[in-house]
Amino acid sequence: MMNKTTDSNSERREMVINMGPQHPSTHGVLRLELVLDGEVVKEVRPNIGYLHRCFEKYAEELGDYASVTPYTDRMDYVSAMNQELGYVIAIERLLELEIPERVEYIRVIISELQRIASHLLGIGAFGLDLGAFTPFLYLFTEREKILDIFEKTSGARLLYNYMTVGGLMKDVPKDFKKDTAEFVKTFRPKIKELNDLLSYNKIFINRTADIGVLPEKVALNYAASGPVLRGSGMKWDLRKDDPYSIYDRFDFDIPVGSGEVGTLGDCWDRYMVRVREMEQSLRIIEQALDGMPDEGDVTEAVPKRIRLKEGEIYCRTETPRGELGYYIISDKKGGPFRVKARAPSFVHLSMLPAISKGSLIADMVAIVGSIDIVLGEVDR
C-alpha cells in the first residue's frame, strides 16, 4: 500500500510494508506494520494474536490448581522453569506453606541455570539477526549443557512441569551438584570469549550502539522491567528489591546500562546487561551449591489436595525478560476463579513504536532482537 503526499519542495512517498508474521527476525508469529519514508521508519504498528496460547482461560477451566503448572511452561517456553516458579510461589503464599530448605536451594539453582539458558538463546539469536552466525553456534553449544542437566533432572528439555506447589516433582539426580559445578567452571571463560567475539566487535557495535534508545523515564512510563529497564540505567531487580524464595541470602550485583559504547539505553546496553547477568547468575549458583542441604525430601510439603480459602494474591518474580506477575483469585472451589498473567514481553512490545521512530528498516531487526520477546508470553 502506497500513499502519496506533496509538499512545497518535493513529492514524498510513504509505503506500508509488513514485517512478519513469518519473518525470522520477529522471534515468533508477530506482524509489524512499518510506515516507511524510503528506508526510514516513520511509524510501527505491532499486530499480535496469531499464537492464541489462551493460558488464562485454560487455568480457570481446569478446576485444579496443580494442573495449571504445565500451562505456565508454554507462555515463555525458553524460560519455562522461571514461569513455573512464579506460579507455585503464588499458590504457596495463599496456602501459607513452609517450603523445605533443600527445595528452595534447588529452585534457585534451576532458575538461574534457566536464566543463563534463556540469555544464551536470546543473545545468540540477536547476533544471528545481525549477521553473526558463529556466536550463535557457540552459545547454543553452552545452552545444550544446561538442557542436559534439566533432562537428567526432569526428563524434559523444553517444557518441564518440574516445580510443584510445596516442592518439586522429584529430587535431583545424584550427580546434579557435580554437573552444575562443572558447567559453572567451564562456562565462565566462555563469557570472555563471547565478549571478544561479539560484544566488542566493531561491526556489532556499529549495528547496536545509538540504536533504539530507550530513556529511563520512557522505560518507567511503559512499566518496563528486567534487562530492558536495567539497560536504561535503572538498578531494579526483584531478586534484590522485592526478594522471594531465598534470594536475600545471596551476594550478587545488578548490571545496568552505562552508555559504554553509545547512548545510554540503546540496543548494545540491553544486550550487555544480559551478558553480565549471566556472570551474576554463576555467582548465585555457586553460593547455592555450597549452601544446599545434602538431605531432605523435596515432596514432603506437597499437599495431597489444594483447597484455598477465599482471597486473592499478586505474586511477581524476576524472569529472564523481566517482571512476571500472577494475579490469582480463589473462591474456595477446586481451581482458581481467575488467573491473570502480567507478562514482560507483552509490556515491552507495546513500547516498540516509541523507540523505533526514525530508525532504518535494518535497525528494526536490531531493536526487536534487543527487547528479547517471546510470543507465547505475548499471546498468552
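Residues numbered from 1 in each chain as written. Predicted model: local features only at pLDDT ≥ 70, side-chain atom pairs only at ≥ 80, totals over all residues. Heavy atoms only, no water.

(A) Structural detail: the environment of Gly369. Take Gly369: it is sitting in helix H14 (residues 361-371). The exposure class of Gly369 is buried, given its relative accessible area of 3%. A sequence separation of 226 residues divides Gly369 from Arg143, and the C-alpha atoms of the two residues are 18 Å apart. (Helix = DSSP H or I, 4+ residues; strand = E, 2+ residues; numbered from the N terminus. Buried < 20%, exposed > 50% of the residue type's maximum accessible area, 1.4 Å probe, protein only.)

(B) Quick look at the side chain of Thr26. Positionally, Thr26 belongs in the loop between strand S2 (11-19) and strand S3 (31-37). Separated by 2.8 Å, the side chain of Thr26 and the backbone oxygen of His23 make a polar contact. A polar atom in the side chain of Thr26 sits 2.9 Å from the backbone oxygen of Gly28. Each residue touching Thr26, except ones within four places of it in the same chain, is listed here: Met19, Gly20, Pro21, Val368, Ile373 and Leu375. (Polar contact = N/O pair within 3.5 Å; in protein donor to acceptor, adjacent residues only side chain to side chain. Contact = heavy atoms within 4.5 Å.)

(C) Main features of the sheet that holds strand S7 (residues 311-319). Spatially, S7-S8-S9 is the arrangement adopted by the 3 strands of the open sheet, whose pairing is antiparallel. Bordering the open sheet on either side are S7 and strand S9 (338-342), each of which pairs with just one other strand. Along the sheet, successive strands turn relative to each other by an average axial angle of 15°, direction set aside. Pairing analysis gives 9 bridges linking S7 to strand S8 (residues 322-330), with the strands arranged antiparallel. Its bridge partner lying in S8, Thr319 is registered against Gly322. (Pairing = 2+ DSSP bridges. Axes fitted to C-alpha atoms, helices over the stretch in contact; angles between N-to-C directions.)

(D) Structural detail: a nonpolar patch on the surface. A contiguous nonpolar surface patch, about 460 Å² in accessible area, is contributed by Leu128, Phe133, Leu137, Tyr138 and Leu197. Looking at the nonpolar patch, the element that brings in the most residues is helix H5 (residues 133-154), giving 3 residues. Structurally, the position occupied by Leu137 is in helix H5. (Patch = residues over 30% accessible without salt bridge, like charges linked within 9 Å, V, L, I, M, F, W, Y side chains within 5 Å. Areas by Shrake-Rupley, 256 points an atom, 1.4 Å probe, with all protein chains shown as cover. Salt bridge = Lys/Arg side-chain N within 4 Å of Asp/Glu carboxyl O.)

(E) The nonpolar core, seen in detail. With 104 residues, the main nonpolar core has Leu32, Ile116, Phe250, Tyr271, Ile328, Leu352 and Met364 as its most contacted residues. Of all the elements, helix H4 (residues 101-129) adds the most residues to this core, at 12 residues. Residue contacts for Leu32: discarding those within four places in its chain leaves Ile17, Asn18, Met19, Val44, Arg45, Pro46, Leu352, Met364 and Val368. (Core = buried A, V, L, I, M, F, W, Y, C linked by side-chain atoms within 4.5 Å.)

(F) Structural view of the environment of Tyr162. With respect to the helices and strands, the residue Tyr162 is situated in the loop between H5 and strand S5 (163-164). Considered as a pair, Tyr162 and Arg107 are 55 residues apart in the sequence and their alpha carbons are 9.7 Å apart. Contact partners of Tyr162, with chain neighbours within four places excluded, come to Met81, Glu84, Ile106, Thr153, Ser154, Leu168, Met169, Lys170, Asp171 and Val172. In terms of polar contacts, Tyr162 uses its side chain to reach the backbone carbonyl oxygen of Lys170, at 2.8 Å.

Treat this as a map of the structure, not an account of what it does.
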